Amino acid sequence: MRLNLQDGGRLRPVDLARRHGLSTQAIRNYEAAGVLPGAERTPHGYRTYTPLHASALNVFLALVPGHGHRTATSIMRAVNRDAIGDALRLIDESHAQLLDDRRTLQAVEAALRDLEPVPPERGDTFVGPLSRRLGIRPATLRKWERAGVVQPRRDPRTGYRVYSAADVRDALLVHQLRRGGHLLEQIAPLIAQVRSAGGVAPLESALRDWRARLSARSRAMLTGAAALDAYLDCRPAPPEGGIE
């Protein structure tokens with residue numbers, strides 16, 4: 001059943017602000033951004049809000065943890081102009097991005113799990129032997145170097161690229177992730193983290209944190225969806241043909 005919250009009393013900007021620990025300027029900014037429906041004005045020009053505006057603010061704040069501030073703003077803008085189809089598409093895109101992030105995490109975990117340890121006594125190697133070991137062309141290793149995902153040093157006498165055990169480890173990890181379809185710009189931050197952690201083993205804590213963040217975001221999306229669904233039921237019916 002659709003309820004109309006527009007007739008449930010009048011609220012001042014400060015009333016909305018105090019409920020959520022916000023400033024009155026933040027409330028005005030949210031209205032200007034389209035997060036809240038437009039406020040009515042008193043004969044003296046003061047803004048007045050209704051429980052519908054309070055509900056809209058509650059929905060927006062529930063959407064932010066799962067979708068981020070920008071997407072949550074876009075969702076509320078779409079809803080408040082009765083473009084429900086646009087709002088649902090934005091939500092679908094957020095879920096698709098979350099799924100992609102989960103797949104990336106799984107690929108990283110699989111790549112790290114399958115990564116062969118490189119014994120320190122193995123010593124240094126060169127482009128040719130490493131490219132043969134990986135089954136790639138030397139030009140591919142040079143491309144990875146330009147992207148910053150492998151960083152061999154140069155022999156000062158010959159100028160040849162020299163790959164240390166850590167460089168070989170990085171090249172193996174890049175190779176695993178590239179086989180999984182990940183772009184070099186997606187791989188570069190992970191390789192940087194491997195280097196800063198001093199190897200693969202210390203990354204387990206980071207991976208646990210990553211999994212926890214994805215789970216928290218997923219739960220937050222559920223919370224936001226429930227709040228938005230209730231808000232859609234409480235909004236006044238749009239003009240005929242107004243829902244997209």
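Refer to the structure above for everything that follows.
Residues numbered from 1 in each chain as written. Predicted model: local features only at pLDDT ≥ 70, side-chain atom pairs only at ≥ 80, totals over all residues. Heavy atoms only, no water.

Colleague: I'm lost on the overall build of the protein chain in this one. Help?
Modeller: Regarding its fold elements, the protein chain presents 10 helices and 4 strands. Ordered by position in the sequence, the α and β elements of the protein chain form the string α-α-β-β-α-α-α-α-α-β-β-α-α-α. Put simply, the protein chain has 244 residues, and 39% of those count as buried. Of the contacts formed within the protein chain by residues at least 6 apart in sequence, a portion of 64% connects residues at least 24 apart. For the protein chain, the exposed area adds up to about 13,700 Å²; of that, 51% sits on carbon and sulfur atoms. (Helix = DSSP H or I, 4+ residues; strand = E, 2+ residues; numbered from the N terminus. Buried < 20%, exposed > 50% of the residue type's maximum accessible area, 1.4 Å probe, protein only. Contact = heavy atoms within 4.5 Å. Areas by Shrake-Rupley, 256 points an atom, 1.4 Å probe, with all protein chains shown as cover.)

Colleague: Even after reading the chapter, I still don't get helix α2 (residues 24-33), so can you show me in this structure?
Modeller: Residues lying three or four places apart along an α-helix face the same way, a consequence of the helix completing one turn every 3.6 residues. Among the residues of α2, those classed as buried are A26, I27, Y30 and E31. Buried residues of α2 fall within an arc of 140 degrees about the axis and therefore sit on the same side. The secondary structure elements touched by the buried residues of α2 are α1 (13-20), β2 (47-48), α3 (51-67) and α4 (69-80). Two residues or fewer past α2, G34 is found with a positive phi of approximately 90 degrees. (Arc of directions from axis to C-beta.)

Colleague: Please clarify how the nonpolar core should be interpreted in this entry.
Modeller: Taken as a class, soluble globular proteins show a tendency for nonpolar side chains to be buried jointly. Of all hydrophobic cores here, the largest spans 29 residues; its most connected members are L134, L141, W144, L173 and L177. Elements with a minimum of two residues in this core: α5 (84-114), α6 (127-134), α7 (138-147), α8 (165-179), α9 (184-197) and α10 (203-234). Among residues more than four places away in sequence, those in contact with L141 are V127, L130, S131, L134, I136, V150, Y163 and A171. If you look at the next biggest cluster of nonpolar residues, it comprises 28 residues, including L11, I27, L52 and A78. (Core = buried A, V, L, I, M, F, W, Y, C linked by side-chain atoms within 4.5 Å.)

Colleague: Sorry, what's going on with the environment of I187 here?
Modeller: When you line up the elements, I187 lands in helix α9. Between the C-alpha atoms of I187 and A147, which are 40 residues apart in sequence, the distance is 9.7 Å.

Colleague: So what exactly am I meant to see when it comes to the pattern of salt bridges here?
Modeller: Between side chains of opposite charge, a pair can form as their charged atoms come close. Taken as a whole, this structure holds 11 salt bridges when the rule is applied. Between D170 and R169 there is a salt bridge whose closest N-O contact spans 3.0 Å. For D170, a relative accessible area of 2% puts it in the buried group. (Salt bridge = Lys/Arg side-chain N within 4 Å of Asp/Glu carboxyl O.)

Colleague: Please explain the environment of R178 as it appears in this structure.
Modeller: Among the secondary structure elements, R178 is positioned in helix α8. With residues near it in sequence (within four places) discarded, R178 still touches W144, L183, L184 and I187.

Colleague: Help me understand the environment of G9 in this model?
Modeller: If you trace the backbone, G9 turns up in the segment before α1. Spatially, the C-alpha atoms of G9 and Y49 are 8.3 Å apart, while their sequence positions differ by 40 residues.

Colleague: Any chance you could explain unusual backbone geometry here in plain terms?
Modeller: What is expected of a backbone is that most residues other than glycine have negative phi and most peptide bonds are trans. A positive phi angle is found at D82, which is not glycine, with a value near 65 degrees. Looking at the secondary structure, you find D82 in the loop between α4 and α5.

Colleague: Looking at this structure, how should I read the packing of α3 against α4?
Modeller: Packed helices, taken two at a time, are described by their axes: the angle between them and the distance between them. It is at 7 Å that the axes of α3 and α4 come closest, and there the two elements cross at 140 degrees. When the axes of α3 and α4 are compared, the pair comes out oblique. Note that α3 runs across α4; the crossing there is right-handed. Contact residues: α3 offers A56, V59, F60, L63, V64 and H67, while α4 offers H69, T71, A72, T73, I75 and M76. When the residues that make up the contact of α3 with α4 are grouped by side-chain class, the tally is 8 nonpolar, 4 polar and no charged. (Axes fitted to C-alpha atoms, helices over the stretch in contact; angles between N-to-C directions. Parallel < 35°, antiparallel > 145°, perpendicular 65-115°, else oblique. Left-handed = near helix turned anticlockwise from the far one by under 90°. Nonpolar A, V, L, I, M, F, W, Y, C, P; charged D, E, K, R; others polar.)

Colleague: What exactly am I supposed to notice about the side chain of T73 here?
Modeller: Among the secondary structure elements, T73 is positioned in helix α4. Not counting residues within four places of it along the chain, the set of residues in contact with T73 comprises A33, V35 and F60.

Colleague: Quick question: what am I supposed to make of a positive patch on the surface here?
Modeller: Among the surface-exposed residues, R142, K143, R146 and R178 lie close enough to one another that they form a single positively charged patch. Considering each element in turn, the positive patch owes the most residues, 3 residues, to α7. With respect to the helices and strands, the residue K143 is situated in helix α7. (Patch = residues over 30% accessible without salt bridge, like charges linked within 9 Å, V, L, I, M, F, W, Y side chains within 5 Å. Lys, Arg positive; Asp, Glu negative; His and termini not counted. Charge placed at Lys NZ, Arg CZ, Asp CG, Glu CD.)

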